[in-house]
Amino acid sequence: MDVGLLKDQIASQGWEGGLFTVKGEFTPRTVFFNPAVRLEAPGRPRHLFARECEWDGYWANCHNRITRFDINGSVLTNPYRIEYDRTSPAESWEDPRVIEVGSTTILSVASWVAGQRSIVAHQRVAKLDAKDNVKEQWGPVFGKNGHNPFWNSGN
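Residues numbered from 1 in each chain as written. Predicted model: local features only at pLDDT ≥ 70, side-chain atom pairs only at ≥ 80, totals over all residues. Heavy atoms only, no water.

What to know about the sheet that holds strand 7 (residues 104-113)
(1) Moving on: With respect to topology, four strands assemble into an open sheet ordered 6-7-8-9, the strand pairing being antiparallel. Of all strands in the sheet, those with a lone pairing partner are strand 6 (91-101) and strand 9 (134-138), marking the two edges. Adjacent strand axes in the sheet meet at a mean angle of 25°, parallel and antiparallel pairs treated alike.
(2) Moving on: Of the strand pairs in this sheet, strand 7 and strand 8 (residues 122-128) are connected by seven bridges, and their pairing is antiparallel. Bridging from a neighbouring strand, Thr105 pairs with Leu128 of strand 8. (Pairing = 2+ DSSP bridges. Helix = DSSP H or I, 4+ residues; strand = E, 2+ residues; numbered from the N terminus. Axes fitted to C-alpha atoms, helices over the stretch in contact; angles between N-to-C directions.)

This is how it looks when you write it as structure tokens:
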């Protein structure tokens, strides 16, 4: 990925933002995007949660996961991959958003299962423990969202 082109796009669009440098053992094809930031709290640094995948040129071929990083200026360190119970081995989580409710972090994601005849986005919610492990997860039933990606009736 050409970092120069990304910086040009950020500047040309007038976006308030920038790029982070990622520290960790990743392949040259590893990309992170659609992040969410959780602000620091007593005894806890500021964190960035991002979609991680091995890019091969087409989004539906990627197996996604959520990775949490410590934020130190413009450098992301201490990657921690969020593990969760999957409804299928091919289930991917992406596009994380984090909400603090008291001292609890709620993580919402879009999930989908590669190889389904029609890929539909499924909304998933997870409650994280103090170490950001998934303590509980569910698919809120509303609109076309079912209990899990297989039960959705559409996007």
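Some details on the packing of aromatic side chains
Note on aromatic pairs: each is described by the distance of the centres and the angle between the planes.
(1) Moving on: Tallying each qualifying case throughout the model produces four aromatic pairs.
(2) Moving on: Ring centres 5.1 Å apart and planes at 80° place the aromatic pair Phe26 and Phe32 in the edge-to-face group.
(3) Moving on: Under the relative-accessibility criterion, Phe32 is labelled partly exposed at 24%.
(4) Moving on: Between Tyr84 and Trp93, the ring centres sit 3.7 Å apart and the planes meet at 10°, which makes this aromatic pair stacked.
(5) Moving on: By relative accessible area, Tyr84 is classed as buried at 7%.
(6) Moving on: Given a relative accessible area of 0%, Trp93 falls into the buried group. (Phe/Tyr/Trp six-rings, centres within 6.5 Å; stacked < 30°, edge-to-face > 60°. Buried < 20%, exposed > 50% of the residue type's maximum accessible area, 1.4 Å probe, protein only.)

Here we look at the pattern of salt bridges
(1) Moving on: This model, assessed by the stated rule, comprises five salt bridges.
(2) Moving on: Measuring nitrogen to oxygen at the nearest pair gives 3.6 Å for the salt bridge that ties Arg44 to Glu100. With a gap of 56 residues between them, Arg44 in the loop between strand 2 (30-38) and strand 3 (47-54) and Glu100 in strand 6 connect regions that are remote in the sequence.
(3) Moving on: The exposure class assigned to Glu100 is partly exposed, which follows from its relative accessible area of 35%.
(4) Moving on: Arg81 is the partner of Glu52 in a salt bridge, and the nearest nitrogen-oxygen pair spans 2.7 Å. You can see Glu52 sitting in strand 3 and its partner Arg81 sitting in strand 5 (residues 75-82), a full 29 residues away along the chain.
(5) Moving on: Connected through shared salt-bridge partners, Arg38, Arg68 and Asp132 make up one network. (Salt bridge = Lys/Arg side-chain N within 4 Å of Asp/Glu carboxyl O.)

Focus on the environment of Val31
(1) Moving on: Among the structural elements, Val31 can be located in strand 2.
(2) Moving on: Judged by relative accessible area, Val31 falls into the buried class, the value being 12%.
(3) Moving on: Residues Val31 and Asn64, 33 residues apart in the sequence, show an inter-C-alpha distance of 10.0 Å.

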